[in-house]
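Structure at a glance
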Amino acid sequence: MPLKHGRWHMKWLQSGRRRDICVLLYGTDGRPAQKLKTALERHHDERIDPEQFYGALEALERLGHVESRTDGLSDVYELTEAGAEHVQAYATWLDEQVDRDDDAS
């Protein structure tokens, strides 16, 4: 069943960092936490405080959007099915907004 935009969606979107982490994980089999953090820092061209980064990952786990596993010495994070659905719903909403703005021109 497709997700609808609503209050559930807003909790996920309260943090742009959480949203960006999910986008970076989308379509992957998971990424080690440090590589994920580095990709996020490169995208935003700024250093991210480790406590804030891991806090965002923990919040996403609590909300059921990502899950972690240990692979050797690394913690690897990947999207759950619910997390992937949220990214898809966000991408659809974003496309609708961009299309709407194009129509208004």
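Refer to the structure presented above.
No experiment lies behind these values; they were computed from the predicted model shown. (Residues numbered from 1 in each chain as written. Predicted model: local features only at pLDDT ≥ 70, side-chain atom pairs only at ≥ 80, totals over all residues. Heavy atoms only, no water.)

This paragraph deals with the pairing of strand S3 (residues 74–79). Two faces, one strand: in a regular strand the side chains alternate between the faces of the sheet. Note: strand S1 (residues 31–32) against S3, two bridges, orientation antiparallel. Bridging across to S3, Pro32 finds its partner in Val76. Relative to S3, strand S2 (residues 66–71) is paired through six bridges, and the arrangement is antiparallel. Looking at the pairing, Glu67 lines up with Glu78 of S3. Following S2, the chain reverses through two residues before pairing antiparallel with S3; Gly72 in that reversal takes a positive phi of roughly 65 degrees. (Pairing = 2+ DSSP bridges. Helix = DSSP H or I, 4+ residues; strand = E, 2+ residues; numbered from the N terminus.)

Attention shifts here to the pattern of salt bridges. Evaluation of the coordinates by the stated rule reveals three salt bridges. For Asp20, the salt bridge is made with Arg19, and the minimal N-O distance between the two is 3.6 Å. Residues Glu78 and Arg69 are paired through a salt bridge, measuring 2.7 Å at the closest nitrogen-oxygen approach. (Salt bridge = Lys/Arg side-chain N within 4 Å of Asp/Glu carboxyl O.)

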